[in-house]
Structures are given as C-alpha cells and as structure tokens.
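A structural walkthrough
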Amino acid sequence: GNPNASLVCVGEAPGREEDLAGEPFVGEAGQLLTRIVNAIQLRREDVYITNVIKCRPPNNRDPKPQEIKACFPFLQSQLQVVRPSIICALGRCAAQSLLRTTERISRLRGKIFEFQKIKVVPTFHPASLLRNPQWKRDVWQDIQLVHKLLEENT
Ligand code: URA
C-alpha cells in the first residue's frame, strides 16, 4: 500500500487468492473494499491495506490467539512506518486485536477508539458484508465517519 497513506485498513488474514497473489484483499472481499474506499473519494492506491495475520490460516479458519500474538509486532511496525491519522479495523479480528478487547464487532463498529494515539474506527469486514448485505448501511455510516475524521486531520 501507500506508505504515505492517512488511512490504513486492517483486515484479518490472507485468503486463498491473497496467498497466491502475495497481496492483501485482492479477492471478492477486496473488490468490495476498493468500492468502500472509493465511496469516500479515495483511490485504493491512496490507502495502505494490510492484515493482522501475515500467513493464510489453513482452510481460512479463525486465527488462533498465539498466531495473532506472533504477527502483531509486524502490524505494529507497519503502523509506525506509515503513521496514518486513521485506522479502519475491518471485522472482529482486527478490531479486537488492535483494541485488546473481546467486545463484539456489532458493539465496536461506528465508534472511535485509539491505538497508540491513532484513531481507530471498527466496521464490519467486507467478506461478512457479502454474506450480510443488510449491514451495508452500517458500513456506509462507518466509512462516512472515517471520511469526516480524515477531513478534520487535513
Ligand atoms: N480477508 C481479509 O481479512 N484479508 C484479506 O487480505 C482478504 C480477505
């Protein structure tokens, strides 16, 4: 992603297509993520996109706590280098890992938190949005909040 990005989007882990491409969010969920960032007048190239987990979990199972712990320093280094003004945490894994909580994503989304002085806005994961289109309105609201915070920071 863009090393000068003001917005970093953090997902869960690479899936099959990401594993093959060596790039995050290139599959169907990734195409939806591109449309979500386009909705706030950003191009995908403007944003830095990454995952909590750096290797694909077998059969896309949920990452284990020790896997999150092992990968977390890499995410932390990425955030230190990019120093975005906003992090959008995509889904439960990213939100819970960054915020060190076990709270449900449905309760975290749409609110503003902080990770090492960087504002964090959690929202639903684009893959879960593909399965639950009724959450589109919520994600739309959350990305508008991200947009507002980005404007305030420029
Ligand atoms: N889902 C994720 O969380 N990350 C990806 O890179 C692709 C799908």
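The structure this text deals with has already been given above.
Turning our attention to the overall build of the chain. For the chain, the helix and strand inventory stands at 7 helices and 5 strands. If you list the helices and strands of the chain from N to C, you get β-α-α-β-α-β-α-α-β-β-α-α. Relative to the globule expectation of 15 Å for 154 residues, the C-alpha radius of gyration of the chain, 14 Å, shows essentially globular dimensions. Summarising its shape, the C-alpha atoms of the chain cover approximately 40 × 35 × 30 Å along the three principal directions.

In terms of nonpolar packing, the biggest core is built from 47 residues, with Leu7, Cys9, Val10, Val52, Ile87, Leu98 and Val146 touching the most fellow members. Those residues within four positions of Val146 in sequence are excluded, and the remaining contacts are Leu7, Ile40, Ile86, Cys88 and Val121.

Time to look at the site of the ligand. Residues in close proximity to the ligand include Gly11, Glu12, Ala13, Glu18, Pro24, Phe25, Asn51 and His125, which together make up its full environment. Contacts to the ligand include Ala13, whose backbone N or O atom sits 3.0 Å from a nitrogen atom. Take His125: an N or O atom from its side chain is 2.7 Å from an oxygen atom of the ligand. Burial of the ligand by the protein chains amounts to 91% of its free accessible area of 230 Å². The site holding the ligand turns out to be the largest pocket.

Attention shifts here to unusual backbone geometry. At Gln41, a position not held by glycine, the phi torsion is positive, near 60°. Inspection of the secondary structure assignment puts Gln41 in the loop between helix H2 (28-38) and strand E2 (48-51). For Arg100, which is not glycine, the phi torsion reads 50° and is therefore positive. Locating Arg100 in the fold gives a position in the loop between helix H4 (91-99) and helix H5 (105-108).

Another point: the sheet that holds strand E5 (residues 118-123). Taken together, the 5 strands give an open sheet; going across it, the order is E2-E1-E3-E5-E4, and neighbouring strands pair in mixed fashion. Edge strands, defined here as strands with exactly one partner in the open sheet, are E2 and strand E4 (113-115). In this sheet, adjacent strand axes meet at a mean angle of 30° when their direction is disregarded. Each of strand E1 (7-11), E2, strand E3 (86-90) and E4 is contacted by helix H3 (residues 65-82), which is oriented at about 170° to E2, the strand it contacts most. Where H4 meets the sheet, it contacts E1, E3, E4 and E5, and its direction lies at approximately 130° from that of E3.

Moving on to the packing of H3 against H4. In contact at an axis separation of 11 Å, H3 and H4 are set at 80° when each is read in the N-to-C sense. Judged by the angle between their axes, H3 and H4 are roughly perpendicular. Note on element contacts: H4 touches H3 through Cys93, Ser97 and Leu98, opposite Ile68, Phe72, Leu75 and Leu79. Of the residues that constitute the contact of H3 with H4, the class distribution is 6 nonpolar, 1 polar and no charged.

Let us look at the packing of aromatic side chains. A complete count under the given rule lists 2 aromatic pairs for this structure. With 5.8 Å between their ring centres and 80° between their planes, Phe72 and Phe115 make a pair best called edge-to-face. Of the two residues, Phe72 is situated in helix H3 and Phe115 in strand E4; the sequence distance between them amounts to 43 residues. For the residue pair Phe72 and Phe115, the accessibility class agrees, reading buried in each case.

Reading the values: rules and limits
- Residues numbered from 1 in each chain as written.
- Predicted model: local features only at pLDDT ≥ 70, side-chain atom pairs only at ≥ 80, totals over all residues.
- Heavy atoms only, no water.
- Helix = DSSP H or I, 4+ residues; strand = E, 2+ residues; numbered from the N terminus.
- Rg over C-alpha atoms; globule rule 2.2 N^0.38 Å.
- Core = buried A, V, L, I, M, F, W, Y, C linked by side-chain atoms within 4.5 Å.
- Buried < 20%, exposed > 50% of the residue type's maximum accessible area, 1.4 Å probe, protein only.
- Contact = heavy atoms within 4.5 Å.
- Near = heavy atom within 4 Å.
- Polar contact = N/O pair within 3.5 Å; in protein donor to acceptor, adjacent residues only side chain to side chain.
- Areas by Shrake-Rupley, 256 points an atom, 1.4 Å probe, with all protein chains shown as cover.
- 1 Å grid on protein atoms, 1.4 Å probe; cavity = no way out; pocket = protein on both sides within 12 Å on 5 of 7 lines; lining within 4 Å.
- Sits in = over half its atoms within 2 Å of the grid points.
- Pairing = 2+ DSSP bridges.
- Axes fitted to C-alpha atoms, helices over the stretch in contact; angles between N-to-C directions.
- Parallel < 35°, antiparallel > 145°, perpendicular 65-115°, else oblique.
- Nonpolar A, V, L, I, M, F, W, Y, C, P; charged D, E, K, R; others polar.
- Phe/Tyr/Trp six-rings, centres within 6.5 Å; stacked < 30°, edge-to-face > 60°.

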